[in-house]
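Structural characterization, general
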Amino acid sequence: MTAPSPALRAQLRPVIGAQWINLALCLSLLSVAFALRDSISPAVWVRSTIILIVGLLMLWCGKEMRRGRRWAYVRAKWIAVLGTIGFVGVAALPGPFPAWMRIEQGAQALVFLALTWMLTRPALALFFPRVNARMIHTEKPIPLSDASARDASLDYLRAFIVLLVLLHHSVLAYAVLWPAQPRTFRILPAPIVDPQRWAGFDLLVIFNDTFFMALMFLLSGLFVWPSLERKGGARFLRDRILRLGVPFAVAAGILMPLAYYPSYAVTGADPGFLAYSSAWLSLGSWPSGPAWFIWLLFVFDAVAAGLHELRRRWRANTRAPRYPGADGRPPAFVAVLLVISALVYVPMELVFGADGWVTLGAFSFQASRLLLYATFFLVGIQMGAVGTQSGILARNAGLARRWPIWLSAGLAAYALRLAVIIALILPVAAAHRPLPLTLRLLSDLTLVLCCGTISFAFIALFRRFAIARHAVLDSLSASSYGMYLIHYPVVVWLQFALLAVAPSPITKGAIVSVGAVALSWGIVVALRRVPAIARVL
């Protein structure tokens, strides 16, 4: 426990002031609810009582923080983060709350967001150090457990995103947003559409869709520049052909025809191999499924190699071009990224539509997001050129230190996107009317906002907490690329096998998710025992 001091009281003064403002808003809400007690929903009373208790708890934590108690500081910080998310949800999402209460909840969300910012300031965190733990507020970065090892946080973040991909594909069959299973063989985002579905899976699908592929491109770009500097362009591309080109050929040529057979089987057509082959070839293209990411990443790598070679020949500057915020100013960095993302994504979406894909044989990509993904890839290159132990990625930088703010911003952006979809877009879609331009622009901007904030929220979380290495997580990380390659047939066949059984959609989604992770992981671990395959996977 840190002894009370005038400096601590000075740091806490704005925090306590914001807590009193919040309590005043709580009391005002209760007063209005009492005056309108005959015409309001019981949910208003329940909500008002809960936030009053929370407001009193925050004041109590503030009192204990004045005494230097760390547990009060930690609780206050978590209450501020979660409270921000809760208030945004009440203000933005449909529910039993009247408009005047939504306005009041929006005001409280701003107060809690301010509290989150104040409670995560390094100047205040210095007064509440962790006992027997490595600090993140010192001037020296936190060393890894093995200085020569790869960075655990980035390896584990990449593995986590791959798990999200598996989860995403596992629950697509049970999301409400798809129409009934077509009776003709077509390649759809959900090869299997189960009659039993749950709207909760739609929330997960929308959440993932806003950011996870862009973040994968960013993470893929992190080590491109150091690799080019070390290997040179020609050797780098040879390695990329082995690491990306060969797996893409195997995935597109063998795994995807296997993965899409259940989609053909449910149409009731001739189940024979020759009939399926004929139907497959009549599609007019060669669907590559999730492997589209691999060939597009190879194209981006090839462009980066070409630019590096030109740069090497010109020798104008051996370092990568500076990018605003790359030296450790996360807000400026992300703000510029959001502006650029909007400039490259919105026009493409207006031209090609949000869901339009361009396909040429086995090569396909989502047209509206091509430049968005390229932007995130280039940003990853720049971040990697500055270094993963310095600049914005440094463990002692503002991104890792202020993770509660980034987490709150990401979840608030997602709540805003959900509100736009549920309150504005779905009613128009249900009436089978085209979206007006204003709604398309609003949808595009909220997607860009989610893409940037959620991506950097996850980076902040993993840079802050993923420090030590663990054997199980190391195995998952080493297998994650292979799991991405082979999971799709596993997922689709599990969904196909569960079509005729009775469990709820939640149970089916859980079975497919766990089964996909376990089977894909186990298969990759076995395959990696073969040295030639281990070089690729």
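Residues numbered from 1 in each chain as written. Predicted model: local features only at pLDDT ≥ 70, side-chain atom pairs only at ≥ 80, totals over all residues. Heavy atoms only, no water.

**Some remarks on the overall build of the chain**
Of regular secondary structure, the chain possesses 20 helices and 2 strands. The C-alpha atoms of the chain give 25 Å as radius of gyration, which agrees with the globular expectation for 537 residues (24 Å, within 12%). Dimensions along the principal axes, computed over C-alpha positions, put the chain at roughly 75 × 65 × 45 Å. Evaluated residue by residue, the chain yields a buried proportion of 50% over its 537 residues. Intrachain contacts of the chain at a sequence separation of at least 6 include 79% that bridge at least 24 residues. On the chain, roughly 24,200 Å² of surface is accessible, and the fraction owed to carbon and sulfur atoms is 70%. Positive and negative side-chain charges of the chain, numbering 48 and 20 respectively, have mean locations separated by a distance of 8 Å. (Helix = DSSP H or I, 4+ residues; strand = E, 2+ residues; numbered from the N terminus. Rg over C-alpha atoms; globule rule 2.2 N^0.38 Å. Buried < 20%, exposed > 50% of the residue type's maximum accessible area, 1.4 Å probe, protein only. Contact = heavy atoms within 4.5 Å. Areas by Shrake-Rupley, 256 points an atom, 1.4 Å probe, with all protein chains shown as cover. Lys, Arg positive; Asp, Glu negative; His and termini not counted. Charge placed at Lys NZ, Arg CZ, Asp CG, Glu CD.)

**A word on helix 9 (residues 224–231)**
By the burial criterion, the buried members of helix 9 are V224, W225, S227 and L228. The buried residues of helix 9 all sit within an arc of 160° when viewed along its axis, so they share a single face. On the buried face of helix 9, the contacting elements are helix 8 (212–221), helix 10 (233–265), helix 12 (292–314) and helix 14 (370–386). The positive-phi residue at the C-terminal boundary of helix 9 is G232, with phi of around 85°. (Arc of directions from axis to C-beta.)

**Some thoughts on helix 1 (residues 6–35)**
Between its terminal C-alpha atoms helix 1 stretches 43 Å, which fits the 44 Å expected from 30 residues at 1.5 Å a residue. At L12, helix 1 shows its largest bend, some 40°, and a proline, P14, comes one to four positions later. At its buried positions, helix 1 is contacted by helix 2 (42–66), helix 4 (99–119) and helix 5 (122–125). (Expected span 1.5 Å × (residues − 1). Bend = angle between axes of the 7 residues up to and from the residue.)

**Quick notes on the packing of aromatic side chains**
Geometry of an aromatic ring pair is reported as the spacing of the ring centres plus the angle between the planes. Applying the stated criterion across every chain, the model contains 37 aromatic pairs. An angle of 80° between the planes, with centres 5.5 Å apart, marks the rings of F185 and Y264 as edge-to-face. With F185 in the loop between helix 6 (152–171) and helix 7 (200–209) and Y264 in helix 10, this residue pair connects regions lying 79 residues apart in the sequence. With a relative accessible area of 14%, F185 lands in the buried category. What makes Y264 buried here is its relative accessible area of 5%. A ring pair is formed by W493 and F496, whose centres lie 5.8 Å apart and whose planes are at 85°; its orientation type is edge-to-face. Of this pair, W493 and F496 both sit in helix 18 (residues 471–497), 3 residues apart, which is roughly one turn of that helix. Looking at R464, its charged tip hangs above the ring of F465, at a distance of 4.7 Å from the centre. (Phe/Tyr/Trp six-rings, centres within 6.5 Å; stacked < 30°, edge-to-face > 60°. Lys NZ or Arg CZ within 6 Å of the ring centre and 35° of its normal.)

**Quick word on the packing of helix 6 against helix 18**
Close contact between helix 6 and helix 18 brings their axes to 8 Å; oriented N to C, the two are set at 10°. With respect to each other, helix 6 and helix 18 are oriented roughly parallel. In contact with D155, Y156, R158, A159, V162, L163, V165, L166, H169, S170 and V171 of helix 6, helix 18 contributes L473, D474, L476, S477, S480, M483, Y484, H487, Y488, V491 and Q495. Its residues assigned to classes, the contact of helix 6 with helix 18 shows 13 nonpolar, 6 polar and 3 charged. (Axes fitted to C-alpha atoms, helices over the stretch in contact; angles between N-to-C directions. Parallel < 35°, antiparallel > 145°, perpendicular 65-115°, else oblique. Nonpolar A, V, L, I, M, F, W, Y, C, P; charged D, E, K, R; others polar.)

**Thoughts on unusual backbone geometry**
It is generally the case that most residues other than glycine have a negative phi and that most peptide bonds are trans. Despite not being glycine, H432 shows a phi value in the positive range, around 60°. Taking relative accessible area as the criterion, H432 reaches 74% and is therefore assigned exposed.

**What to know about the pattern of salt bridges**
On inspection of all chains with the given rule, the structure shows 10 salt bridges. The shortest N-O distance in the salt bridge between R369 and D209 comes to 2.8 Å. One end of the pair, R369, is in the loop between strand 2 (363–366) and helix 14; the other, D209, is in helix 7, and 160 residues separate them in sequence. On the accessibility criterion, D209 (31% relative accessible area) is partly exposed. With a shortest N-O distance of 2.8 Å, D239 and K231 are connected by a salt bridge. Classification of K231 by relative accessible area gives partly exposed; the value is 25%. Salt bridges here are not isolated pairs; linked through shared partners, they connect D155, R158, R469 and D474. (Salt bridge = Lys/Arg side-chain N within 4 Å of Asp/Glu carboxyl O.)

**Structural notes on the confidence of the model for the chain**
Taken as a whole, the chain shows an average pLDDT of 85; of its residues, 92% reach a score of 70 or greater. Per-element mean pLDDT across the chain ranges from 79 in helix 5 up to 95 in helix 8. In the model, residues 132–149 has pLDDT below 50 throughout and makes 31 contacts with residues more than four positions away in sequence or in other chains. Taken together, the stretch residues 320–325 has pLDDT below 50 and engages in 20 contacts with residues farther than four places along the chain or on a different chain. (pLDDT = per-residue confidence, 0-100.)

**Structural notes on the pairing of strand 2**
In this sheet, strand 2 lies alongside strand 1 (residues 357–360) in antiparallel orientation, the contact comprising 4 bridges. Its bridge partner lying in strand 2, V358 is registered against F365. Taking the residues that link successive antiparallel strands as the turn, the strand 1-strand 2 hairpin has 2 residues, and the phi of G361 there is positive, at about 65°. (Pairing = 2+ DSSP bridges.)

**Some thoughts on a nonpolar patch on the surface**
Taken together, the side chains of V299, V303, L307, L310 and W314 make up a nonpolar region of the molecular surface, amounting to roughly 500 Å² of accessible area. Looking at where V299 falls in the secondary structure, it is placed in helix 12. (Patch = residues over 30% accessible without salt bridge, like charges linked within 9 Å, V, L, I, M, F, W, Y side chains within 5 Å.)

**Some words on the packing of helix 10 against helix 11 (residues 273–281)**
In contact at an axis separation of 11 Å, helix 10 and helix 11 are set at 100° when each is read in the N-to-C sense. Put simply, helix 10 runs roughly perpendicular to helix 11. In contact with M256, P257, Y260, Y261 and Y264 of helix 10, helix 11 contributes A275, Y276, A279 and W280. Broken down by class, the residue content of the contact of helix 10 with helix 11 amounts to 9 nonpolar, no polar and no charged.

**Some details on the environment of S153**
Within the element layout of this structure, S153 appears in helix 6. On the accessibility criterion, S153 (0% relative accessible area) is buried. A sequence separation of 213 residues divides S153 from Q366, and the C-alpha atoms of the two residues are 29 Å apart. Beyond its immediate sequence surroundings of up to four residues, S153 is in contact with R395, F462, R463 and A466. One polar contact links S153 to R463, side chain to side chain, over a distance of 2.7 Å. (Polar contact = N/O pair within 3.5 Å; in protein donor to acceptor, adjacent residues only side chain to side chain.)

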